[in-house]
Amino acid sequence: MDFALSQDQKLMQASLAGTLDRACPLERVRAFAETREPVARDVWGALTELGVPGLLIAEEHGGLGLGLLDAALIAETLGAHVAPTPFLGSAILAPLAIAGAGSPAQQQAWLPRLASGDSLAGAAIAETISGARDGAGVGARGGRLNGKALFALDAAEADIVLVADSAGGLWLVAGDAPGLTRVLLTTIDVTRSVSELRFEATPAEALSSGDIAATLRRLRDAAWTMTAADMLGAAGVMIDKAVAYAKERRQFGRLIGSFQAVKHLCAEMAAELEPCRALIWYAAYAQDAVPAEASLTAAHAKAHLSEVSRFVARTATEVHGGMGITDLLGLHYWFKRVGLDRQLFGGPERVRHLAAVMQGLAAA
Amino acid sequence: MDLAYGPEYQAFAAEVEAFLETHRDRWPSTVGATREQVLAWQKTLIRHGYAARTIPRQYGGFGAEPDILKSRIIAEGFTRAGAPGGLAGQGISMLVPTLLEVGTEEQKQRWIAPTLAGEIIWCQGYSEPGAGSDLASLRTQAIEDGDDFLVNGQKIWTSTAKQADMIFCLVRTEPQAPKHAGISYLIFSMKTPGIEVRPLKTMTGAAEFNEVFFTDVRVPKIQIVGARGEGWRVANTTLKHERGMLGDPNAAETRLAAIMAMMNEETVSGERLIDNPVLRDRLMRLQARVMAMKFNGLRLITSQLAGEQPGLAGLIVKLQGCELNHQLAAFAIDVLGELGALYEDSPHLRNHGAWQQRYMFDLGLIIGGGTAQIQKNIISERGLGMPREPKTVDA
């Protein structure tokens, strides 16, 4: 029995953190956000040097062949750095879909290119998890797609996009396919690229090997686990920043961190967030090692982190006093990061409903 | 990360299961077991290493090497089988570890074995009316008188004082010393002349606690544990053991399962409670919290196995665990609606009124053993390195 990270995992996380400290300091995040770049190629390049794009891709296809727990540690670190980089679409969802439901030829065609970071992949699967809004929905007929998908991740300059249709099918669409229109959506979180995709008789190739429903479940559970891990990282940094600020800011002749009114807020944040770390480790581990618990633990990780990180984001901002809400301090990048994570792939009420459904406690 | 137990432990789990099956006829029943049956079961458990497992043999224990996984397997095995575990109580869980750490050889020989066997029941004399969270300001005094101390003062929140044979008690022996340095740790018989026990009835309707009054209680000086003036350090050895007791994630998991079963069975106007989406959402929220605390527990076990300090993951257990148990009881009451307000022996009562009882009693657990506010001081100061509140002059 060993419920802890391995030496390799700790080293990998530390080395990624070091890389991001250099490649992606707050000024870089700010520049990305203010100029609305579609993709921060330099940050992606730094991740590529560490092999992040191919982290889940098998070694035979040029990847690292790691698991979802390793991926969760990377997601946590990206969240901690509010890193403006493709990840969930390109390094997680598309590779999982192609490895799970792609033919050998499709795997051979795409996995090595994704693993090397040379190609970028987007993922448009939100409606299959959180439901369709504003007339979203994708129909497939004769190898062509029609309709639209909202909240596509990493799709803006992607070479290939994973698309889930409304009937439970999975497709790959080339980024330059005729009839594909990509519209960048503006979210509160300006550190990640979210798009709407519109399809008009857009040619697509089906991913149709194996159990597609199982692959869709795996994609959903991975998406939940990764957004939860992203929130863990972001919320953890917000606590660190609040504590550091309370240890240097003086009022009434005292460090404000010596007032119980302030330090108890910090204790409450830590007490809420710390058990989340174990929840995410377990959920991420379960994705590969405990299939029977994979969906439920992923759902609870997502819903619970959504609640806890909202509390932390709000409270950490308050501990900073007026500085907390300024653009100058930049705490809002973390605040907004968890704000998007909370809504993506279903807000907590939706996810808890699905958690009840999977236990037979509610009808779908 | 590897959550499998490995062959040695799987074999051990099978051993536990086999033991419980072959001894099923000797399990004392939860209601109405005689003292003899309970003590005989305790003896059997110690002999097989399922109670007092790591206490050395010469002091009446089983004498196994500490092995957290085996302890966990035993606890899980007993819970799964619904078997009564070994005796708990403040003597076994708090005094024995303290004596093992700081007691004299004679004290260990004399007190540990009969305590483990359940022959001596202990109570804890720490809190006083004027010394709660600020325990070190306690004023019960022990004055030297020949070979004895004369103890005068009052203790409060003393659970099991009515049944107890003995008390382990904090007293002030050096009134001139700074408050933490003037305390000593005494053990003495509750039959000593000059002790009066008054039950302290709480909001649950039961007297789970007592007040204990000392008037010229004569205690031989050799019954001090640790040196004179060292009682605060000795007590902290004991409190460390208490904090481990008060946030058991298994209790929360059991409660959650009971609530889930209740929601599946109970109906309001023909609709099952589980079919109410608002209640179901609250159930799911609590399930996530129970899971997080359970996995946090796995993390703590692993760091104990590795001999590492658990840090924040350990510091938050008392605060979060007690709060979660309380929230579960509150939710169970809400699920029951009007029936949730029934109590004692009312018609239509559910679960013997346990949810209301727990809701009230568990509020006491949030306060006792270091209040939630003290826990937050500990988390922020020790866990986050935040500055202490400046001392006022008279504190």
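Residues numbered from 1 in each chain as written. Chains lettered and ligands numbered in written order. Predicted model: local features only at pLDDT ≥ 70, side-chain atom pairs only at ≥ 80, totals over all residues. Heavy atoms only, no water.

Some details on the overall build of chain A
Counting its secondary structure elements, chain A contains twelve helices and ten strands. Scaling as 2.2 N^0.38, a compact globule of 364 residues should have a C-alpha radius of gyration of about 21 Å, and chain A matches this with 20 Å. Seen through its C-alpha atoms, chain A measures out along the principal axes to roughly 75 × 45 × 45 Å. Buried positions account for 60% of the 364 residues belonging to chain A. Considering only intrachain contacts with a sequence separation of at least 6, the fraction spanning at least 24 residues in chain A is 73%. Carbon and sulfur atoms form 53% of the exposed surface of chain A, whose accessible area is close to 13300 Å². Counting 32 positive and 39 negative side-chain charges, chain A places the centres of these two groups 6 Å from one another. (Helix = DSSP H or I, 4+ residues; strand = E, 2+ residues; numbered from the N terminus. Rg over C-alpha atoms; globule rule 2.2 N^0.38 Å. Buried < 20%, exposed > 50% of the residue type's maximum accessible area, 1.4 Å probe, protein only. Contact = heavy atoms within 4.5 Å. Areas by Shrake-Rupley, 256 points an atom, 1.4 Å probe, with all protein chains shown as cover. Lys, Arg positive; Asp, Glu negative; His and termini not counted. Charge placed at Lys NZ, Arg CZ, Asp CG, Glu CD.)

A closer look at the packing of aromatic side chains
For any pair of aromatic rings, the description rests on two quantities: the centre-to-centre distance and the angle between the ring planes. Residue and element names in this part refer to chain B. Counting across every chain of the model gives 14 aromatic pairs over all chains. Summarising the aromatic geometry, the rings of W111 and W122 are spaced 5.7 Å apart at their centres and angled 80 degrees between planes, so their arrangement reads as edge-to-face. Here W122 lies in strand β1 (residues 122-125) and W111 lies in helix α5 (residues 105-116), a separation of eleven residues in the sequence. Its relative accessible area of 8% is what places W111 among the buried residues. The class of W122 is buried, set by a relative accessible area of 2%. (Phe/Tyr/Trp six-rings, centres within 6.5 Å; stacked < 30°, edge-to-face > 60°.)

Thoughts on the environment of T34 of chain B
Of note, T34 of chain B is situated in the loop between α1 (7-22) and α2 (35-48). Spatially, the C-alpha atoms of T34 of chain B and K294 of chain B are 35 Å apart, while their sequence positions differ by 260 residues.

Considerations on the environment of V173 of chain A
Residue and element names in this part refer to chain A. With respect to the helices and strands, V173 occurs in strand β5 (residues 170-174). Accessibility expressed as a relative area gives 0% for V173, which makes it buried. With twelve residues separating them in the primary sequence, V173 and V161 have C-alpha atoms 5.1 Å apart. For V173, the contacting residues outside a window of four places in its chain are L145, D159, I160, V161, V163, L180, F199, T202, P203 and A204.

Considerations on the pattern of salt bridges
Within the structure shown, the criterion is met by 44 salt bridges over all chains. Among the ionic pairs, R228 of chain B bridges to E144 of chain B, the shortest N-O distance being 3.1 Å. Here the residue R228 of chain B occupies a position in the loop between β8 (224-225) and α6 (231-245), and E144 of chain B occupies one in strand β2 (residues 141-145), the gap between them amounting to 84 residues. Note on R228 of chain B: relative accessible area 36%, which makes it partly exposed. Among the salt bridges present, the one from E266 of chain B reaches R350 of chain B, with a minimum N-O distance of 2.5 Å. In this pair, E266 of chain B is assigned in the loop between α7 (249-265) and β9 (267-268) and R350 of chain B in the loop between α10 (317-336) and α11 (354-367), connecting sequence segments 84 residues apart. Given the relative accessible area of 16%, E266 of chain B is considered buried. Here the residues in one salt-bridge network are E307, R342, E349 and R352 of chain A together with D281 and R285 of chain B, joined through shared partners. (Salt bridge = Lys/Arg side-chain N within 4 Å of Asp/Glu carboxyl O.)

Quick word on the domain arrangement of chain A
Residues and elements named next belong to chain A. Partitioning chain A into structural domains gives domain 1 (7-87 + 107-115), domain 2 (121-207) and domain 3 (212-358). Facing the 15 residues of domain 1 at the interface are 15 residues of domain 2. When the two sides are added together, the surface that domain 1 and domain 2 hide from each other amounts to roughly 1100 Å², 61% of it contributed by carbon and sulfur. At the boundary of domain 1 and domain 2, one finds one salt bridge. Residues E157 and R41 are paired through a salt bridge, measuring 2.8 Å at the closest nitrogen-oxygen approach. (Domains from an automatic or database assignment. Buried area = accessible area lost by both parts, 1.4 Å probe.)

A look at the interface of chain B and chain A
The extent of an interface is frequently quoted as the accessible surface area lost upon association of the parts. Taken together, the contacts link 46 residues of chain B with 44 residues of chain A. Summing both partners gives a buried area of about 4200 Å² for chain B against chain A, and 65% of it is carried by carbon and sulfur. Considering only the side of chain B, the residues that lose the most area to chain A are M1, F295 and R299 of chain B, jointly responsible for 18% of the buried surface there. Seen at the junction of chain B and chain A, the total is seven salt bridges.

Observations concerning unusual backbone geometry
Most peptide bonds are trans, and most residues other than glycine sit at a negative phi. Residue and element names in this part refer to chain A. With phi around 50 degrees, R36 is a residue other than glycine that occupies positive phi space. By secondary structure assignment, the location of R36 is in the loop between α2 (26-35) and α3 (41-49). A positive phi angle is found at F252, which is not glycine, with a value near 55 degrees. Tracing the backbone through its elements, the reader meets F252 in the loop between β9 (250-251) and β10 (254-255).

Comments concerning the nonpolar core
Residues F87, I92, L93 and F345 of chain A together with F78 and L283 of chain B are the most contacted members of the largest nonpolar core, which totals 200 residues. Excluding anything up to four places from it in sequence, L283 of chain B contacts L361 of chain A together with L256, I259, M260, M263, I274 and F331 of chain B. One finds V171, L186, M190 and F214 of chain B within the second-largest nonpolar core, a separate group that totals 19 residues. (Core = buried A, V, L, I, M, F, W, Y, C linked by side-chain atoms within 4.5 Å.)

Points about the packing of helix α8 (residues 212-246) of chain A against helix α11 (residues 332-343) of chain A
Residues and elements named next belong to chain A. Viewed as axis vectors pointing N to C, α8 and α11 meet at an angle of 155 degrees, and their least axial separation amounts to 9 Å. Between α8 and α11, the angle falls in the class roughly antiparallel. Crossing angle aside, the handedness with which α8 passes α11 is left-handed. Residues T227, D230, M231, A234, A235, V237, M238 and K241 of α8 form the contact with α11, whose own contacting residues are W334, F335, R337, V338, D341 and R342. Partitioned by chemical class, the residues of the contact of α8 with α11 number eight nonpolar, one polar and five charged. (Axes fitted to C-alpha atoms, helices over the stretch in contact; angles between N-to-C directions. Parallel < 35°, antiparallel > 145°, perpendicular 65-115°, else oblique. Left-handed = near helix turned anticlockwise from the far one by under 90°. Nonpolar A, V, L, I, M, F, W, Y, C, P; charged D, E, K, R; others polar.)

Section: the domain arrangement of chain B
Taken as a whole, chain B is organised into domain 1 (7-87), domain 2 (122-227) and domain 3 (246-383). One C-alpha centre belongs to domain 1 of chain B, the other to domain 2 of chain B; they are set 33 Å apart.

Comments concerning the packing of α1 of chain B against helix α3 (residues 68-81) of chain B
Residue and element names in this part refer to chain B. Between α1 and α3, the least distance of the axes is 9 Å, while the angle of their chain directions is 40 degrees. In this structure, α1 crosses over α3, and the sense of that crossing is right-handed. For the pair α1 and α3, the contacting residues are E8, Y9, F12, A13, V16, F19 and L20 in the first and L69, K70, I73, I74, G77, F78 and A81 in the second. Counted by class, the contact of α1 with α3 contains eleven nonpolar, one polar and two charged residues.

Focus on the side chain of Q356 of chain B
All names here are of chain B. Within the secondary structure, Q356 sits in helix α11. Given the relative accessible area of 17%, Q356 is considered buried. A polar contact is formed between the side chain of Q356 and the backbone oxygen of G340, at a distance of 2.8 Å. The contacts of Q356, once residues within four sequence positions are left out, are I333, G340, A341, L342 and Y343. (Polar contact = N/O pair within 3.5 Å; in protein donor to acceptor, adjacent residues only side chain to side chain.)

Details of the state of the cysteines
Inspection of the entire model under this criterion finds zero disulfides over all chains. In this structure C266 of chain A is not part of a disulfide, and its nearest cysteine sulfur, from C276 of chain A, lies 17 Å away. (Disulfide = S-S within 2.5 Å.)

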